Amino acid sequence: MIVEGAAGLELRPGLDSDLEWIYRLRHEVYARELGQHAVNEDERLTDGLDGRNVYLVATRDGRRCGFVSVTPPWAGDYSIDKYLRRADHPELAGDDLFEIRILTVDPAERGTAVAALLMYAALRWTAAHGGRRLVAMGRTGILSMYLAAGLTATGTRIRSGAVTYEVLTGDVRDLTERTSRRYGGLLRRLEPGLRWGLETPFLDGTDGCEHGGASIGALGRRFETLAAHGEVVPADVLDAWFPPAPGVVAALDGNLDWVARTSPPADAGGLTEAVAADRGLPEESLALGAGSSDLIFRAFRQWLTPSSRVLLVDPSYGEYAHVTERVVGCRPDRFTLRREEGWRVDPDRLRDALREPYDLVVIVNPNNPTGVHLDSGDLRAVLDDAPGETRFWIDEAYVGYAGLGRSLGRHAASSENVVVCTSLSKMYALSGLRAAYLAGPPDLAAELRRWTPPWAVSLPAQIAAARALGDPRYYAARWAETGDLRAGLAAGLASHGLDVRESVANFVLLTLPPGGPSASALVRECRKRGVYLRDLSALSPAFEGRTVRVAVRDAAANARIVSAVAASLRDLGWAGPEYATSGHAAGSGRNGLT
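A. Geometry of the sheet that holds strand E21 (residues 547-551). Spatial strand order, E17-E18-E21-E20: four strands in an open sheet with antiparallel pairing. Both edges of this open sheet fall to strand E17 (499-502) and strand E20 (534-535), since each of them pairs with a single strand only. In terms of strand pairing, E17 meets strand E18 (residues 507-511) through four bridges, oriented antiparallel. Considered in E18, the bridge of Glu502 is made with Val508.

What follows is the structure, given as structure tokens:
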């Protein structure tokens, strides 16, 4: 895929100032050289997708030398729609398809690294915007390049003028892993000499799920500057803004030297008793873990195989897609939520999706990252109507913010096929200690306990969680206060002309206008001001690269968030709806072409 010859190259988003050059190079190649289109007097080629697609441009020593276009699903249609009916091609259906098109290289740069790096840039951009599947029309004369990149020929050929194209498809995850495995070493060697101007990293830096929490990096990789934690606003992760209950702090502070050196109860039996008493659950229905992710990894790796049928809500907590796809190797189906429906889970539509049995269905309720809660009665009715062999995993990490009475934990304990996973980390201000529990049928809970290593939950976590459960009045007051702070944060952000949606949990969603800056650009600018936000683009294409999650902090930190967002938007050339409609924001050179 990657060949030598990357010296002096830069890959970056296209700018308004690139458009005339792009249109003229398209005419030179596709009209004069290849005969796909008729030569015209203007010597320019454009089409109806221009303005809705994204151009990525390659330059060498400052001179433009190639480009590629990516059409995201929110553009509304694709260039392949001119040649075939996607309804007749199941591999081209769905809401998560990205199209790579008109990969074009200046004749003087053919045979160098330009074409391959443009393909790689298009893949990285797609992955960063939640893309899962690609389609491309590969010119048969250079089909080997597309196949070497990992795309698969569908057997469908299209004739356009004098040019024949093969319709190609690819799975973004497979393509990314293939590229990393086959070309990772070469890419790492090329990186120092290459200017990478895309907002997604040049290389995928982790084998795990992408999470928030970049704010912790401000404290030093080895935590050498812990005292600086008060200088940043960590609104990129959903840790509690309030401290643990006073009894929790006293228990840890007063016995810290003993707690640090002492082994915990191997089975966390005391914490199990505390959870059972507080939640009204039988102890035999419980299994504990060091946070919900610990339980997810242990359970899913035992319950699922690569051939298992899994249904995930989309968008949803990214760990579920990571574990099912990249750890287990499943190909999960998606139950897609819709922005125009307020990200609501429609019980009737979900019931229809569950007519055929699944091995596992995952529902996060309240949903992270949309913040919408499905009424527990409606969800219970869906569970009761589903095929009996379908197992459900209900994630209630944030149910306390919606009301503990809405939990389905007791239903799970008496069911045969429902498991409820509840984190004690986020709602009880214990994220650094990690504690969670699973409630479900006793046989499933016992099975999971057998797979649990001894001392899985640390002694500080067991002590803190047990004390926290013993002070419900403190936490109920903090959760109620969170709602007030959330409303104030939402109002402050909305006062700057932004589309802000409150969740039922401890965050709000900020959606930027189609003609405004991207989510990644806003996140990057806010970090310069010590404010960390979460770009949701990689979680799902439904976010269209322009949705940011903002965690609720205390009043002073929330004021800093509002100020940083407003200042960052001004620096990015967007100052509200009046400015956007004046023609300055859409496709500006600073923001790139979208």
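B. View of unusual backbone geometry. A cis geometry characterises the amide bond from Asp314 onward to Pro315, with omega recorded as 5 degrees. On the secondary structure map, Pro315 appears in the loop between strand E11 (310-314) and helix H9 (318-328). Here the residue pair Asn365 and Pro366 is connected by a cis peptide bond, since its omega of 5 degrees sits within 30 degrees of zero. For Pro366, the position within the fold is in the loop between strand E13 (360-364) and helix H11 (376-385). Residue Trp343 is not a glycine yet carries a positive backbone phi of 60 degrees. Mapped onto the elements, Trp343 comes out in the loop between strand E12 (333-336) and helix H10 (347-353).

C. Molecular detail of the sheet that holds E12. Taken in spatial order, the seven strands of this open sheet run E10-E16-E15-E14-E13-E11-E12, and their pairing is mixed. Two strands close off the open sheet at either side, each with one partner strand: strand E10 (286-289) and E12. When strand polarity is set aside, the average angle formed by the axes of neighbouring strands in this sheet is 20 degrees. Relative to strand E16 (residues 436-439), strand E15 (residues 418-423) runs antiparallel, the two sharing four bridges. Within E16, the residue paired with Ser423 across the bridge is Ala436. Most of the contacts of helix H14 (residues 442-450) go to E10, to which it runs at about 30 degrees, and overall it touches E10, E15 and E16.

D. Seen up close, the packing of helix H16 (residues 472-494) against helix H18 (residues 555-571). Direction vectors running N to C along H16 and H18 enclose 20 degrees, while the axes themselves pass 9 Å from each other. Regarding the angle of H16 to H18, the classification is roughly parallel. The way H16 lies across H18 gives a crossing that is right-handed. Residues Leu485, Leu489, Gly492 and Leu493 of H16 form the contact with H18, whose own contacting residues are Ala555, Asn558, Ile561, Val562 and Val565.

E. Looking closely at the pattern of salt bridges. Taken as a whole and assessed by the stated rule, the structure comprises 40 salt bridges. Between Glu33 and Arg110 there is a salt bridge, with its nearest N and O atoms 2.8 Å apart. On the criterion of sequence distance, the pair formed by Glu33 in helix H1 (residues 19-33) and Arg110 in the loop between strand E4 (97-105) and helix H2 (114-128) is long-range, its members being 77 residues apart. Measuring nitrogen to oxygen at the nearest pair gives 3.5 Å for the salt bridge that ties Glu177 to Arg326. A residue pair is termed long-range when its members are at least 10 positions apart, and Glu177 in helix H4 (residues 172-190) and Arg326 in helix H9 qualify at 149 residues. With relative accessibility at 29%, the residue Glu177 sits in the partly exposed group. Here the residues in one salt-bridge network are Arg26, Asp47, Asp50 and Arg101, joined through shared partners.

Conventions used here
- Residues numbered from 1 in each chain as written.
- Predicted model: local features only at pLDDT ≥ 70, side-chain atom pairs only at ≥ 80, totals over all residues.
- Heavy atoms only, no water.
- Pairing = 2+ DSSP bridges.
- Helix = DSSP H or I, 4+ residues; strand = E, 2+ residues; numbered from the N terminus.
- Axes fitted to C-alpha atoms, helices over the stretch in contact; angles between N-to-C directions.
- Contact = heavy atoms within 4.5 Å.
- Parallel < 35°, antiparallel > 145°, perpendicular 65-115°, else oblique.
- Left-handed = near helix turned anticlockwise from the far one by under 90°.
- Salt bridge = Lys/Arg side-chain N within 4 Å of Asp/Glu carboxyl O.
- Buried < 20%, exposed > 50% of the residue type's maximum accessible area, 1.4 Å probe, protein only.

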